[in-house]
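Take a look at the letters that make up each chain.
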Amino acid sequence: MTHIAVLGSTNMDLVAFVAKAPQRGETVTGREFRTIPGGKGANQAAAAARAGATVSMIGAVGNDAAGTRLRETLEHSGVDTDFLRTVEGPSGTAHIVVDDEGGNSIVVIPGANGTVDHLSPGDEGLIASADTLLLQLEIPLAAVVAGAAAAHQHGVRTILTPSPVQPLPPELLAATDLLVPNQYEAITLTGRTDPREAATALLELVPRAVVTLGATGCLYVSRDAEPLVVPAPRVEAVDTTGAGDTFTGALAVALAEEKPVREALSWAAAAASLSVERAGASASMPYRPEIDARFTA
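Our subject in this report is the structure included herewith.

Thresholds, definitions, all that
Residues numbered from 1 in each chain as written. Predicted model: local features only at pLDDT ≥ 70, side-chain atom pairs only at ≥ 80, totals over all residues. Heavy atoms only, no water. Pairing = 2+ DSSP bridges. Helix = DSSP H or I, 4+ residues; strand = E, 2+ residues; numbered from the N terminus. Axes fitted to C-alpha atoms, helices over the stretch in contact; angles between N-to-C directions. Contact = heavy atoms within 4.5 Å. Buried < 20%, exposed > 50% of the residue type's maximum accessible area, 1.4 Å probe, protein only. Arc of directions from axis to C-beta. Polar contact = N/O pair within 3.5 Å; in protein donor to acceptor, adjacent residues only side chain to side chain. Phe/Tyr/Trp six-rings, centres within 6.5 Å; stacked < 30°, edge-to-face > 60°. Lys NZ or Arg CZ within 6 Å of the ring centre and 35° of its normal. Right-handed = clockwise from strand over helix to strand, strands pointing away.

## Observations regarding the sheet that holds strand β3 (residues 32-38)
Thought 1: If you trace the 4 strands from one edge of the open sheet to the other, you get β3-β2-β7-β8, paired in mixed fashion. Of all the strands in the sheet, the pair left with one neighbour each is β3 and β8 (104-109). The sheet shows a mean angle of 20° between the axes of neighbouring strands, direction not considered.
Thought 2: The sheet strands contacting helix α2 (residues 65-76) are β2 (11-17) and β3, and the helix crosses β3 at an angle near 65°.

## Thoughts on helix α6 (residues 183-190)
Thought 1: Where α6 is concerned, the buried positions are E185, A186 and T190. The buried side chains of α6 occupy one side of the element, clustering within an arc of 115° when seen end-on.
Thought 2: Contact partners of the buried residues in α6: α7 (195-202) and β12 (208-212).
Thought 3: Structurally, the start of α6 carries an N-cap: the backbone nitrogen of Y184 is 3.2 Å from a side-chain oxygen of N182.
Thought 4: Trailing α6 by a residue or two, G191 shows a phi angle of about 75°, which is positive.

## Observations regarding the packing of aromatic side chains
Thought 1: Throughout the structure, instances matching the rule amount to 0 aromatic pairs.
Thought 2: The side chain of K259 reaches across the aromatic face of W267, ending 4.9 Å from its centre.

## So, the pairing of strand β10 (residues 157-160)
Thought 1: Bridge analysis of strand β9 (residues 132-135) against β10 gives 4 bridges, and the strand direction is parallel. Looking at β10, one finds that L133 is bridged to T158.
Thought 2: The parallel pair β9 and β10 is bridged by helix α4 (residues 141-153), and the resulting crossover is right-handed.
Thought 3: By the bridge criterion, 2 bridges tie β10 to strand β11 (residues 178-179) in an arrangement that is parallel. Its bridge partner being in β11, L160 is matched across the sheet by L179.

Below you can see the structure in the form of structure tokens.
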């Protein structure tokens, strides 16, 4: 079984469901509110574990009720939390508005995630023992750079989700094997408004990239292969929160299992399509038998 390490965030998602998201200065009435464990790091960890990998989570939660629930939720999905430390103060939160079309807008408050600004004792050894390291940008950049450098030094594949999008330092790019931005992030990083042009421009930064295009699918580019466009299954979206993390977690598993790139992308797209049919982030992520069934359907 493949081993995936995740260095990243854990957040409690505070989700409001509305018919239409409010504009600036506008107040709207929602129909439902839910508290759902999430965070891009935890989401990708849960997605990879449910997709069939052995997964270890590196990060931090607060010493509050949210922290306890976040840890328990990861463990319930099969994620090892021995390297998820508990610190004084509140856990991270994400304040999410989901509209009737399944779209969302998110405000993240780092909380305990802000303390993850370096690798703690044992973290590098854990990363070195993994097949793949998953990274995002919801923890301090210094830790992301340190984690990527450690993975690169030990020959571990590094997959980076550049969210929330921000300028990426050269030392992080140099240690990134695969960049997985969404369309908005790819355009922001490159300044190109066309997704295909943006994807191609990313190859000036990293050797390979996958630009996710929502319901359209994804675009894969590589310095040593022709571009691939992989469509997504057609589904009725309920909530797109966590879909990108589901895709990335499943993709990491598929690549670690040495599936051909097109098959790996299609399998990950099948996982993401299942997640958008359900509400929530970690709660919506499918298990491997579900992914296999949709992939072969």
